[in-house]
Amino acid sequence: MKKFLVSIVLTCSAMIMLSGCIVSEDKLTDKVKEAMVEYEQEQGKRLVVTDLKLEKSEGNNYKGVLTGRLDGVDVTYDVTVDDSGSDFDVDWELRQ
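Treat the numbers as computed from the prediction; the structure is a model and nothing was measured.

Draft legend 1. The arrangement of unusual backbone geometry in detail. The phi angle at Asp 71 is positive, at roughly 50 degrees, despite the residue not being glycine. Of the residues examined, Asp 71 reaches a relative accessible area of 47% and is grouped as partly exposed.

Draft legend 2. Spotlight on the side chain of Thr 29. Summarising the element assignment, Thr 29 is placed in helix H1 (residues 2–42). Judged by relative accessible area, which is 14%, Thr 29 ranks as buried. Residues within four places of Thr 29 in sequence aside, it is in contact with Leu 52 and Leu 54.

Draft legend 3. Representation of the packing of aromatic side chains within the structure. Scanning all chains against the criterion turns up one aromatic pair. Plain terms: the ring middles of Tyr 39 and Trp 92 are 5.5 Å apart, the flat faces sit at 75 degrees to each other, and that makes the pair edge-to-face. Pair noted here: Tyr 39 is in helix H1 and Trp 92 is in strand S4 (residues 89–94), with a separation of 53 residues, a long-range link. On the basis of relative accessible area, Trp 92 is assigned to the partly exposed category, the value being 24%.

Cut-offs and rules
- Residues numbered from 1 in each chain as written.
- Predicted model: local features only at pLDDT ≥ 70, side-chain atom pairs only at ≥ 80, totals over all residues.
- Heavy atoms only, no water.
- Buried < 20%, exposed > 50% of the residue type's maximum accessible area, 1.4 Å probe, protein only.
- Helix = DSSP H or I, 4+ residues; strand = E, 2+ residues; numbered from the N terminus.
- Contact = heavy atoms within 4.5 Å.
- Phe/Tyr/Trp six-rings, centres within 6.5 Å; stacked < 30°, edge-to-face > 60°.

The quantities given are spatial measurements derived from coordinates; they are silent on function.
The structure is reproduced here in structure tokens:
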């Protein structure tokens, strides 16, 4: 009986930890989109994000691709994110 209870507790703990990671990555994706849109807006441009896919590269670093429309023109950005501090650093480069 003890083994059964321990296995249930471990399973529940693993599920909670896994869902916590997924939520934080979703939040990071949303924050990156928001930061890029705000930056372009400050530059007098309008960025509408179609999609952003981030994948963990190593440690707290992520790489991804953002697609969208910048002032009505289809664009694709290569995005890198460093989420190792209390805040995140994001860099992006427009694909030619």
